[in-house]
Every structure is written in C-alpha cells, then in structure tokens.
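# Understanding the architecture of this molecule
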Amino acid sequence: MIVSTKGRYALHLMTELAKSNEFRSLKRIAEAQHVPHKYAENITASLVKAGFVEASRGKNGGYRLMRAPRDYTVAEILSEAETSIAVSGCSGNGSCPNAGTCPTLPIWKKLDETVYEFLSGYTLADLLV
C-alpha cells in the first residue's frame, strides 16, 4: 500500500485541527503542517463534504473538527482521502475474472483486512504529540 501525498496531507491537516477546538484559518493550518495552500483547499473541501470538518466564514472563521479527535480513526481518514487503502488490487469484488479460482486471493484479502484493522487501531488523538 502506498499512501499518496493527499492521504498524508489529510492526516497532517486533521492532526493540526485536533490540537484545538477553535476555528482556525486554512492559511495557519497549512503553514503549520507545511502543506501547500492550494492542496490544503482541495483536501479540506473533501473533508467538509465527508462531514469530518466544519467550515465557517468570516473574520473568526476557518475550520475545525466535527468530532473529538479520539472519534476519528486513521483508517477512516485515509479511506476518505485515498481512492483505496487496499494493499493489493485483488479484493474479490468481481472486478477480476479469476477471483473465483484464484489461489492467492485469500492472502490478499487477509492482508487488506490486517492493514485496515491496524490503521483502525489508531485515532487522531493518538497522533497528537
């Protein structure tokens, strides 16, 4: 599994938001985590759409988390940011014509489950240092 820049940046932005329950400007969030502003705009838009982040306009506006940091798992954040967090392209979802007879499919399914369980074992609160 390769986590893209978008996935890594999404975790960085969410971690920065987890440091305070106050609305914070995107400029401050992006600068604190060394995320290019344009990239941060796109990511926060998808995080707002997913219901992870709340946006507010105005002088004291910005972004903040919708839930407590302990209520977000790394798996769900990456799942939102990435097309897939599967380790292999083999999931047995019917996209492969060999899925019914593939001898290696159980290994890939188990590996994907293991990675998802591992990432689900960490919350945003765990990433705060």
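The structure this text deals with has already been given above.
Residues numbered from 1 in each chain as written. Predicted model: local features only at pLDDT ≥ 70, side-chain atom pairs only at ≥ 80, totals over all residues. Heavy atoms only, no water.

### Looking at helix 4 (residues 74-81)
Keep this limit in mind: Categorising residues by exposure relies on relative accessible area from a 1.4 Å probe, with only protein chains included: less than 20% of the type maximum marks a residue as buried, more than 50% marks it as exposed, and the intermediate range marks it as partly exposed. Where helices and strands are cited, they refer to DSSP runs of H or I of at least four residues and of E of at least two residues respectively, numbered from the N terminus. Each C-beta atom gives one direction from the helix axis, and the arc is the one those directions make. Contacts are assigned to residue pairs with any non-hydrogen atoms lying within 4.5 Å of each other.
Val74, Ala75, Ile77, Leu78 and Ala81 are the residues of helix 4 that are buried. What you see down the axis of helix 4 is that its buried residues fit within an arc of 165 degrees, all on one side. Elements in contact with the buried residues of helix 4: helix 1 (5-18), helix 5 (105-120) and helix 6 (124-127).

### Considering the environment of Ala32
Mapped onto the secondary structure, Ala32 falls in helix 2 (residues 26-33). Sequence separation of Ala32 and Gly58 is 26 residues, and the distance between their C-alpha atoms is 21 Å.

### Overview of the pairing of strand 1 (residues 53-56)
Formally: Pairing between strands is defined by DSSP: at least two bridges between them are needed.
Of the pairings in the sheet, the one linking strand 1 to strand 2 (residues 62-65) comprises four bridges and is antiparallel in character. By the bridge assignment, Ala55 is partnered in strand 2 with Tyr63. Hairpin connection from strand 1 to strand 2: five residues lie between these consecutive antiparallel strands, with Gly58 at a positive phi of about 110 degrees.

### Examining the environment of Thr73
Take Thr73: it is sitting in the loop between strand 2 and helix 4. Sequence spacing of Thr73 and Ala125 is 52 residues, and the spatial spacing of their C-alpha atoms is 8.8 Å. Filtering out sequence-adjacent residues up to four positions away, Thr73 remains in contact with Leu119, Ser120, Tyr122 and Thr123.

### A short note on the packing of helix 1 against helix 4
Relative orientation and spacing of two packed helices are given, respectively, by the angle between their axes and the distance between those axes. Selection criterion: Simply put, an axis is a line fit to the C-alpha atoms, just over the touching stretch for a helix, and the angle between two N-to-C directions goes from 0 to 180 degrees. Just so you know how the angles are binned, under 35 degrees is roughly parallel, over 145 roughly antiparallel, 65 to 115 roughly perpendicular, and the rest oblique. Crossing handedness is defined as follows: a turn of the near helix away from the far one that is anticlockwise and smaller than a right angle gives a left-handed crossing, while the clockwise case is right-handed. Gly is placed with the polar residues, together with every amino acid not listed as nonpolar (Ala, Val, Leu, Ile, Met, Phe, Trp, Tyr, Cys and Pro) or charged (Asp, Glu, Lys and Arg).
Running from N to C, helix 1 and helix 4 point in directions that differ by 130 degrees, and their axes come no closer than 9 Å. Here helix 1 is positioned oblique relative to helix 4, judged by the angle of their axes. Our pair here, helix 1 against helix 4, has a crossing hand that is right-handed. Along its contact with helix 1, which presents Lys6, Gly7, Ala10, Leu11 and Met14, the element helix 4 presents Val74, Ile77, Leu78 and Ala81. Considered class by class, the residues forming the contact of helix 1 with helix 4 number seven nonpolar, one polar and one charged.

### Details of the packing of helix 4 against helix 5
For the pair helix 4 and helix 5, the least separation of the axes is 6 Å and the interaxial angle reads 115 degrees. Seen from helix 4, the contacting residues are Val74, Ala75, Leu78 and Ser79; seen from helix 5, they are Tyr116, Leu119 and Ser120. For the contact of helix 4 with helix 5, the per-class residue count stands at five nonpolar, two polar and no charged.

### Quick notes on helix 1
Spelled out, the test is: Here, expected helix span is obtained from the residue count minus one, scaled by 1.5 Å.
Taking 1.5 Å as the rise per residue, helix 1 with 14 residues should run 20 Å; its terminal C-alpha atoms sit 20 Å apart, in good agreement. Where the residues of helix 1 are buried, they touch helix 2, helix 3 (37-49), strand 1, strand 2, helix 4 and helix 6.

### So, the packing of aromatic side chains
Cut-off, in case you're wondering: Any two of the Phe, Tyr and Trp rings considered here, Trp counted by its six-membered ring, make a pair once their centres fall within 6.5 Å; the pair's planes then place it as stacked at under 30 degrees, edge-to-face at over 60, or tilted in between. Only when the NZ of Lys or the CZ of Arg is both within 6 Å of the ring centre and within 35 degrees of the ring normal is a charge said to sit over the ring.
Applying the stated criterion across every chain yields a total of three aromatic pairs. With a centroid separation of 5.7 Å and an interplanar angle of 80 degrees, the aromatic rings of Phe52 and Tyr72 are classed as edge-to-face. Highlighted residues: Phe52 in the loop between helix 3 and strand 1 and Tyr72 in the loop between strand 2 and helix 4, separated in sequence by 20 residues. The residues Phe52 and Tyr72 share a single accessibility class, namely buried. Here the basic side chain of Arg67 rests over the ring of Tyr72, its NZ or CZ set 4.1 Å away from the ring centre.

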